[in-house]
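The primary structure of each chain is shown beneath.
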Amino acid sequence: IIRQGDVGDDFYMINDGIALVSRQLDEEGDNMELAELKDGDSFGESALISNKPRNATITMMTDGVLLRLSKEDFVKLLQEPTLRWVDLDEAQAEIAAGGVWLDVRLPSEYGHGHLPGALNVPMGDLHKKSNELDRAPAYVCYCDSGRRSSAAAFVLSQYGLQACVLKDGIQAGRIALVAE
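Residues numbered from 1 in each chain as written. Predicted model: local features only at pLDDT ≥ 70, side-chain atom pairs only at ≥ 80, totals over all residues. Heavy atoms only, no water.

Asker: Just give me the short version of the environment of G99, but keep the residues and values in it.
Answerer: By the element assignment, G99 lies in the loop between α3 (88–96) and β8 (100–103). On the basis of relative accessibility, which here comes to 15%, the residue G99 falls in the buried class. With 85 residues separating them in the primary sequence, G99 and I14 have C-alpha atoms 31 Å apart. Excluding residues that lie within four positions of it along the chain, G99 makes contacts with E94, P137 and A138. (Helix = DSSP H or I, 4+ residues; strand = E, 2+ residues; numbered from the N terminus. Buried < 20%, exposed > 50% of the residue type's maximum accessible area, 1.4 Å probe, protein only. Contact = heavy atoms within 4.5 Å.)

Asker: Residues and numbers for the sheet that holds β8, please.
Answerer: Sheet architecture is open: 5 strands sit in the order β7-β11-β10-β8-β9, paired in parallel fashion. The sheet is open, and its two borders are formed by β7 (85–86) and β9 (119–120), each paired with just one other strand. In the packing of α3 onto the sheet, contacts are made with β7, β8, β10 (139–142) and β11 (163–166), and the angle to β8 comes to roughly 120 degrees. (Pairing = 2+ DSSP bridges. Axes fitted to C-alpha atoms, helices over the stretch in contact; angles between N-to-C directions.)

Asker: Account for the packing of aromatic side chains, naming residues and giving values.
Answerer: Across all of its chains, the model carries 5 aromatic pairs by this definition. Here the aromatic rings of F11 and F154 are separated by 5.7 Å at their centres, their planes lie at 80 degrees, and the arrangement is edge-to-face. With F11 in strand β1 (residues 10–16) and F154 in helix α6 (residues 147–158), this pair connects stretches of sequence that are 143 residues apart. According to the relative accessible area criterion, F11 is buried, its value standing at 9%. The interplanar angle of 15 degrees and the centroid separation of 5.2 Å between the aromatic rings of Y12 and F43 together place this pair among those described as stacked. Here F43 lies in strand β4 (residues 42–43) and Y12 lies in strand β1, a separation of 31 residues in the sequence. A network of ring pairs unites the aromatic residues F11, F74 and F154 as a single cluster. (Phe/Tyr/Trp six-rings, centres within 6.5 Å; stacked < 30°, edge-to-face > 60°.)

Asker: Which residues make up the sheet that holds strand β5 (residues 57–60), and what are the values?
Answerer: In sheet architecture, strand pairing relies on hydrogen bonds along the backbone and comes in two forms, parallel and antiparallel. Taking strand neighbours across the sheet as the criterion, the 3 strands line up as β3-β2-β5 in an open arrangement whose pairing is antiparallel. Looking along the sheet, the strands with just one partner apiece sit at the ends: β3 (31–37) and β5. Between one strand axis and the next, the sheet turns by 30 degrees as a mean value, whatever way the strands run. By the bridge criterion, 4 bridges tie strand β2 (residues 19–24) to β5 in an arrangement that is antiparallel.

Asker: Please set out the pairing of β11 residue by residue, giving values where relevant.
Answerer: Across a regular strand the side chains alternate sides, sitting on one face of the sheet and then on the other. Pairing analysis gives 2 bridges linking β7 to β11, with the strands arranged parallel. Pairing of V86 across the sheet is with L166, part of β11. Relative to β11, β10 is paired through 3 bridges, and the arrangement is parallel. Paired with Y139 across the bridge in β11 is A163. As a crossover connection, the stretch from β10 through α6 into β11 is right-handed. (Right-handed = clockwise from strand over helix to strand, strands pointing away.)

Asker: I'd love a proper account of the pattern of salt bridges, names of residues and values included.
Answerer: Overall, the coordinates contain 9 salt bridges when judged by the stated rule. R23 is paired through a salt bridge with D125; the nearest N and O atoms lie 3.2 Å apart. Note that R23 is positioned in strand β2 and D125 in the loop between β9 and α5 (126–130), a separation of 102 residues in sequence. By relative accessible area, which is 24% here, D125 ends up partly exposed. A salt bridge links E109 to R148; the nearest nitrogen and oxygen atoms lie 2.9 Å apart. (Salt bridge = Lys/Arg side-chain N within 4 Å of Asp/Glu carboxyl O.)

Laid out in structure tokens, this is it:
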């Protein structure tokens, strides 16, 4: 359906069938299976929101029916109030009330500086790790600019988790980061 590295143009939902999510690990073509998607599962949102290439390959394992939404229509649906955007003060209040910072940047970015107590789950791993996350707290998703974190909040909502997005990410300043 989609290939790792391609430009994102559509968002998909599986109406019927089973699909495999895989990622090519190296130049030799070694692949890692990340997840199986089934009826009601969706994919393709990360590349649409981040304007980055597809981060995985999705292949149908059975006959099926897919629902497809164009990038333009998908982005319109993501506009407020679908996603809850919070400024730094609102985010800190969410954390004080038991929320969890969720840093969706790469481990190397996280290692150079992150918010104290933040959990690092890179955007590319979020589908795989979402079922392992605690369902109780609200997650305050952040990245450098808010682009990846808006995709993350959308993914978390698909898994029934509460999430909001730090408006403008950590580039907005006024945020003290800690390094590994």
